Amino acid sequence: MMEPLDVVHTKVTYLDGGAPTVTLRRCRIIVTRKGEQQEHVFERDNLLIGASEDNDLCIDDETVSRQHCRIRLEGDEYVIQDLGSTNGTFVNGVRIKEAYLAQDCRVFLGKSEMRFQPVDERLRVVPSNSDRMGEMIGRHAKMREIYAILEKIAPTDATIVVEGETGTGKEVVARTVHQESKRREGPFMVFDCGAVPANLIESELFGHEKGAFTGAVSTRQGVFEMAHGGTVFLDELGELALDLQPKLLRVLEQREVKRVGGQKPIKVDVRVVAATNRDLEDEVRGGRFREDLFYRLSVVRLKLPPLRDRTEDIALLIQHFLKSGNFNRDRGGEQKVRSISPSSMARLLEYGWPGNVRELHNVVERAVSFAESTVIESEDLPHHISHNEQPIAVIPEDTQVDALKSQSPSINLGGTFKNAKEQWVTEFEKDYITHLLQRNNNNISHAAREADIDRKYFRKLMKKYGIGSYEAEEA
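Residues numbered from 1 in each chain as written. Predicted model: local features only at pLDDT ≥ 70, side-chain atom pairs only at ≥ 80, totals over all residues. Heavy atoms only, no water.

Account for the layout of surface pockets, naming residues and giving values.
Space inside the second largest pocket adds up to approximately 560 Å³. Every element with two or more residues in the lining of the second largest pocket is listed here: β14 (136-137), α2 (170-179), β17 (231-235), α8 (314-324) and α10 (356-370). (1 Å grid on protein atoms, 1.4 Å probe; cavity = no way out; pocket = protein on both sides within 12 Å on 5 of 7 lines; lining within 4 Å. Points joined across faces, edges and corners; volume = space filled by probe spheres on them. Helix = DSSP H or I, 4+ residues; strand = E, 2+ residues; numbered from the N terminus.)

If you want it as structure tokens, here you go:
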């Protein structure tokens, strides 16, 4: 059994009954060269030092190799590693291949001397007074606490893992971090680890060379190369295959990628923000996620609260959606719907929101399309909300297959994936269209709007499954 995981880099610490603190881990390196001193402060936990300009610390000394040594944080200690330099790396007079660095120890690279000093800054987090930060919106205490943390973390290059249920706004956090960072002028690249076929993920992330595999007709940059100077947002990180995790670890530790079919590593300068709705600690214990990658990623971990735990933010979010949403504009660009009735708000506050903020946005957009005045009424809301029906409970994993069989006995779950999927989609489409028509009193236009699909396509599905009088115009 793995011991409880503890991240010791720049981190957020939650004390029982008290406010969280942010520990900003930095190191100071004082370089002495020909009697002159230069001081450098770094927030990175992995530093390349050498004579070439692409290092984190460039030392103008002909006796220093292009890539001379590396300083990295391991657990709670800094380690220096010689990278095969010509003249060697010496710590307190002893030539080393790898060694731990103590406070104020002297390191010699060629004719240059470095003095190393770890610098930690511990800051108490005081919840922000604002009800929004960047694209994030909410006045709940937990949200204001997250704003305060990001105010201190965003300007650094610290890696962040955002945890939370589906729809809580993890990508919004990542965009806000990027906007509030010194990389704001650089690119912001999004990569969904769960949406790309397994055989294409490596090429999408790291790029490929021409002829690396069938179909690779030209050289292609990966996400990390395209995000150089900016931020990469890795969504659904827990879905990343085990065999690709060491390659991601290489990017984080050495800040370089190697394209599929390539031999030469390519330097990249990116900040990584990752998101997952899984518990990564459980994934590590289950052997589905590498422990070393977990440590490297978990510099800062933020957990977003579900919407049901911050219902006081619902009204604020609705007003934001109504004011900013293009769906709420008439032909003249004016706002169509301006408010929501008290009875409608009461229904929204009673609902459980399994889809969180994303579901709320979709509900508001749907309600605007149904609204016949400038106010959203109860009848404009989906039936399951206006009639106070609770969300469907999640089926435990060990009973899902049995539940599927009992609900859809005609589907052959023992066949190929493709055939089972086609049968399932057919059953779903037929039941879904029938249910929508019944709920909307056989009004095709209303049913199509609720489904958010084109009315002609809706009628095509009706014809496909022989549902209702699809040839006649609805009342």
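Requested: an account of the sheet that holds strand β21 (residues 300-303), with residues and values cited.
Taken together, five strands build an open sheet; the order of strands is β16-β17-β20-β15-β21 and the sheet is parallel. Edge positions in the sheet fall to β16 (188-192) and β21, since each of these pairs with one other strand and no more. Here the average twist between neighbouring strands, direction ignored, is 20 degrees. (Pairing = 2+ DSSP bridges. Axes fitted to C-alpha atoms, helices over the stretch in contact; angles between N-to-C directions.)

Please provide a residue-by-residue account of the side chain of S203, values included.
For S203, the location among the structural elements is in helix α3 (residues 198-206). When its relative accessible area of 7% is taken as the criterion, S203 is described as buried. (Buried < 20%, exposed > 50% of the residue type's maximum accessible area, 1.4 Å probe, protein only.)

Can you explain the pattern of salt bridges? Please cite residues and give values.
In the structure shown here, the tally under the stated rule is 30 salt bridges. As a salt-bridge pair, E98 and R72 come within 3.0 Å of each other at their nearest N and O atoms. Remark: R72 occurs in strand β6 (residues 69-74) and E98 occurs in strand β10 (residues 98-101); sequence separation between them is 26 residues. With its nearest N and O atoms 2.8 Å apart, the salt bridge here joins R278 to E239. (Salt bridge = Lys/Arg side-chain N within 4 Å of Asp/Glu carboxyl O.)

Tell me about empty space enclosed by the protein, residues and numbers included.
On inspection of all chains with the given rule, the structure shows three cavities of 30 Å³ or more. There is about 310 Å³ of room inside the largest cavity. R44, D45, D157, T159 and L252 are the residues nearest the centre of the largest cavity, which is lined by 20 residues in total. Those elements that provide at least two residues to the lining of the largest cavity are α5 (245-254) and β20 (271-276). Taken together, the residues of the lining of the largest cavity sort by class into eight nonpolar, three polar and nine charged. (Nonpolar A, V, L, I, M, F, W, Y, C, P; charged D, E, K, R; others polar.)

Outline the nonpolar core, supporting the account with residue identities and numerical values.
In this structure, F224, L234 and L237 are the most contacted members of the largest nonpolar core, which totals 29 residues. Breaking this core down by element, the ones donating at least two residues are α3, α4 (223-226), β17, α5, β20, α6 (280-285) and α7 (291-297). If you tally residues by element for this core, the top one is α5, at four residues. Excluding anything up to four places from it in sequence, F224 contacts L205, F206, V232, L234, L248, V251, V257, V268, V270 and V272. Residues A148, L150, V273 and L304 belong to the second largest nonpolar core, which totals 26 residues. (Core = buried A, V, L, I, M, F, W, Y, C linked by side-chain atoms within 4.5 Å. Contact = heavy atoms within 4.5 Å.)

Tell me about unusual backbone geometry, residues and numbers included.
The backbone of D104 shows a phi angle near 65 degrees, a positive value even though the residue is not glycine. On the basis of relative accessible area, D104 is assigned to the partly exposed category, the value being 34%. Of note, W353 is a non-glycine position whose phi angle comes to about 50 degrees, a positive value. Residue placement: W353 occurs in the loop between α9 (342-350) and α10.

Break down a nonpolar patch on the surface for me, citing the residues and quoting the values.
A cluster of nonpolar residues, W424, F428 and Y432, forms a patch on the protein surface that exposes about 290 Å² of accessible area. Looking at the secondary structure, you find F428 in helix α13 (residues 417-439). (Patch = residues over 30% accessible without salt bridge, like charges linked within 9 Å, V, L, I, M, F, W, Y side chains within 5 Å. Areas by Shrake-Rupley, 256 points an atom, 1.4 Å probe, with all protein chains shown as cover.)

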